[in-house]
Each structure stands twice: as structure tokens, then as C-alpha cells.
Amino acid sequence: MKVVAIRGAGGPEVLAIEEREPRALEPGEVRIEVAAAGLNRADVLQRKGFYPAPKGTVPDVPGLEYAGSIIEVSAGIDPLRIGERVMGIVPGGAMATEVVVSVRETIPVPEDLSLVEAAAIPEVFITAWDAVRVQGELTRGQTLLIHSIGSGIGTAALQLARAWDVTTIGTSRTEEKLTRCTAMGLDHGVLVARGDPSFASRVGELTSGALANVILDTVGGAYLAENVRALAPRGTLVVIGLLAGIEGTLPLGILLAKRARVIGSVLRTRSPDEKAAIASGFTHDVLPLLSRGEVKPVIDHVLPMADIANAHAAMERDETFGKIVLVW
């Protein structure tokens, strides 16, 4: 099979297409012919040597999400599942022409979606759903603050919040991205300057002092103090990314007074049972929205896998709105 290989930590030039031997199936697993895979910030960090793959995962093949068709099943799995179109998340190795996964972690692809579209769904929609709905306990009528609103996770969270009848506030360093998100239904956009994360007072103005019930943060350290200030009483901050640093100042007095929660979340290192539960919950809660077209993947570029280096470079320039998808 073909894979994208990381030939040592470095820039996009360290990425190359290589031939590898596929591994045999173990009980409970299926082999999937990958049609497309989404690109994520974690792939860029892994290439740079900052985000190694978990133990037991192929260390030099990136990719956290895939879409394709089942081509082989292990003993005990209904052979009629061969040919089924599925998508899902993996701890690594999705940027290959084949992946082997637990059948419990696969998610059906709605019939009205192409496999290219499906490849833009798992990482961002599962992350957003798990962070704000499952962990943040976001409910109808509340307010969700979404940082980096023009990202894949940001546009996914925005659409889910709209489907749940939630008020949305999004931040971005780019006016154009706020405009595009407003066209998608964003209630309020907040332009933030690089190095000056002053948004809490604006969130207070937009909500008449009620502030945000849940904050979805992909930025990390530099936003920590301001996030706590922007939280409503008993609100929840869910940190899923650290693009602006791994350390920040936590105003404990404000946190205690608000009885607020700060949660750190990552999908990549969860146990097989947790991932199976996530796949089941997502299939139940979000797949109907995708099937009805109430939420859709937002795709910026579709590129051949051979252009993986250019895809990484584009993501690092922060030029994208939504997802980059690579196809074989």
C-alpha cells in the first residue's frame, strides 16, 4: 500500500509517498480502502516533531481521519459489510491507501455525501460535538464562544450550535473569515488582534452581561485568563488546542467565584472502549443532522495526496477556511 511518510522532523519537504506492507487483521478489525483523508493541525505538529503518535501507532505516517470502503473483515464480522462506506478517526496512519481499524469505531457515511466530503467530517465534527455537547453540556438557549471560528473545528461547532438552537460568538484574526461565518449563521463575530486577546468585554456587551456558557478553545495559553473572564457563572471552558502556547495565567479568584470548569480534551489517546462509545454516540446524535443536510463539512481545498507538502504549507500560512482534504 502507499503511505505519506514523515522522513524526520522538519518542514513540508520531509513528507514523501512510500510503499509499505499492510498488516494482518486482528479479531474485531476491518480493512478499509481509503479514498480521502482530512488534514489537521496535529499532522503539522507531528511533522515538526512536536506531537508524536501514541504508543502502538505507526510513528511516521500522519493522518487522524479517513473515509473509504471496507474491503476485508476479520472472522466473526458479517462479510456483507464488505463494500460499506465508512469514516472515522484514528490515532495516526490515516494518510495511507489502507487503514485497519476496530469495526466498533467505524461510522457510516450518509448516502448523499461523497467520500471526499466524508473525509472532512470525523475529526472536526466529533471533536466539536464531544467538547461542547458531551463535556461542555451545552443546551438549547445557551451561548457558545468559538475561537478560530474559520477553522474546520470552528465551522463544525458553528453549524452544530445552530442545529441545537444555541447563540454563537466567534473570534478570528481575519475579518474575511468572520464575514464568511456570518453568512453561515454566526450570530456575533469578534475580531481579535494577534498578541492581544481582548475579547471578554466584547462578549459581555454582546450578551448583555450574561457571558458565554461554554467556550471552545483551540488557542490555549495566551487566551486562558481572558477565557475565564468571558465565562458565565457555572460555565465551562473546553481547551482542545494549544496554538498560542502551553502555559497561561489562570485567574483562580474569578474561576472560584463563577464556580466555572476548565476541561482539557483530546481524542487521539483515548482507549478503544472510549472511541467505540464516541463513534456510537456521534452516529446517534450527529449523523442524522448530516444525513438531512442540516450540517455540512466545509472544505477549502481538495488536493491529490501527492501534493501533501503544499497542503501542509497552506495550513501553516493560515490561508484556509474549513478543511483541506487529500485524495488518493
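Right above here is the structure, for reference.
Residues numbered from 1 in each chain as written. Predicted model: local features only at pLDDT ≥ 70, side-chain atom pairs only at ≥ 80, totals over all residues. Heavy atoms only, no water.

Structural notes on the overall build of the protein chain
Here is step 1: In terms of regular secondary structure, the protein chain is built from 11 helices and 15 strands.
Here is step 2: Relative to a compact globule of 328 residues, whose C-alpha radius of gyration would be 20 Å, the protein chain shows 20 Å and is just as compact.
Here is step 3: Principal-axis analysis of the C-alpha atoms places the extent of the protein chain at approximately 55 × 40 × 35 Å.
Here is step 4: By the burial criterion, 56% of the 328 residues in the protein chain qualify as buried.
Here is step 5: The contacts of the protein chain with a sequence gap of at least 6 include a subset with a gap of at least 24, amounting to 68%.
Here is step 6: Charge centroids of the protein chain, computed over 32 positive and 39 negative side chains, lie 5 Å from each other. (Helix = DSSP H or I, 4+ residues; strand = E, 2+ residues; numbered from the N terminus. Rg over C-alpha atoms; globule rule 2.2 N^0.38 Å. Buried < 20%, exposed > 50% of the residue type's maximum accessible area, 1.4 Å probe, protein only. Contact = heavy atoms within 4.5 Å. Lys, Arg positive; Asp, Glu negative; His and termini not counted. Charge placed at Lys NZ, Arg CZ, Asp CG, Glu CD.)

Re the sheet that holds strand 12 (residues 231-239)
Here is step 1: If you walk across this open sheet you meet the 6 strands as 10-9-8-11-12-13, and the pairing is parallel. At either margin of the open sheet sits one strand with a lone partner, and together these are strand 10 (188-191) and strand 13 (261-264). Strand-to-strand twist across the sheet, computed as the mean angle between neighbouring axes with direction ignored, equals 15°.
Here is step 2: Sheet topology note: the strand 8 (residues 143-146)/strand 11 (residues 212-217) ladder contains 3 bridges and is parallel. Across the sheet, residue Leu144 finds its bridge partner in strand 11, namely Val214.
Here is step 3: Together, strand 8, strand 11, strand 12 and strand 13 form the strand contacts of helix 3 (residues 122-135), whose direction differs from that of strand 11 by roughly 155°.
Here is step 4: Along the sheet face, helix 4 (residues 152-163) touches strand 8, strand 9 (167-172) and strand 11 and points at about 170° away from the line of strand 8. (Pairing = 2+ DSSP bridges. Axes fitted to C-alpha atoms, helices over the stretch in contact; angles between N-to-C directions.)

A short note on the nonpolar core
Here is step 1: Core analysis: the biggest nonpolar cluster contains 51 residues, and Leu144, Leu160 and Phe282 have the highest contact counts within it.
Here is step 2: In terms of residues, this core owes the most to one element, helix 3, which gives 7 residues.
Here is step 3: Leu144 has contacts with Val132, Leu138, Ala157, Ala161, Val166, Thr167, Thr168, Ile169, Val214, Ile215 and Leu216, leaving out every residue within four places of it along the chain. (Core = buried A, V, L, I, M, F, W, Y, C linked by side-chain atoms within 4.5 Å.)

A word on the packing of aromatic side chains
Here is step 1: Per the counting criterion, the structure on display carries 2 aromatic pairs.
Here is step 2: Geometrically, the ring pair formed by Trp129 and Phe282 is edge-to-face, given 5.9 Å between the ring centres and 75° between the ring planes. With a gap of 153 residues between them, Trp129 in helix 3 and Phe282 in helix 9 (residues 272-285) connect regions that are remote in the sequence. No difference in accessibility class separates Trp129 from Phe282, as the two residues are buried.
Here is step 3: Between Phe199 and Tyr223, the ring centres sit 5.2 Å apart and the planes meet at 50°, which makes this aromatic pair tilted. Here the residue Phe199 occupies a position in the loop between strand 10 and helix 6 (200-206), and Tyr223 occupies one in the loop between strand 11 and helix 7 (224-230), the gap between them amounting to 24 residues.
Here is step 4: The positively charged end of Arg133 is found above the aromatic ring belonging to Trp164, 4.3 Å away from the centroid.
Here is step 5: Of note, Arg268 hangs over the ring of Tyr51, and the distance from its end group to the ring centre comes to 4.6 Å. (Phe/Tyr/Trp six-rings, centres within 6.5 Å; stacked < 30°, edge-to-face > 60°. Lys NZ or Arg CZ within 6 Å of the ring centre and 35° of its normal.)

Here's the deal with unusual backbone geometry
Here is step 1: The phi dihedral of Asp165 falls on the positive side, at around 60°, and the residue is not glycine.
Here is step 2: Mapped onto the fold, Asp165 is located in the loop between helix 4 and strand 9.
Here is step 3: Even without glycine at this site, Ser208 takes up a positive phi of about 55°.
Here is step 4: Residue placement: Ser208 occurs in the loop between helix 6 and strand 11.

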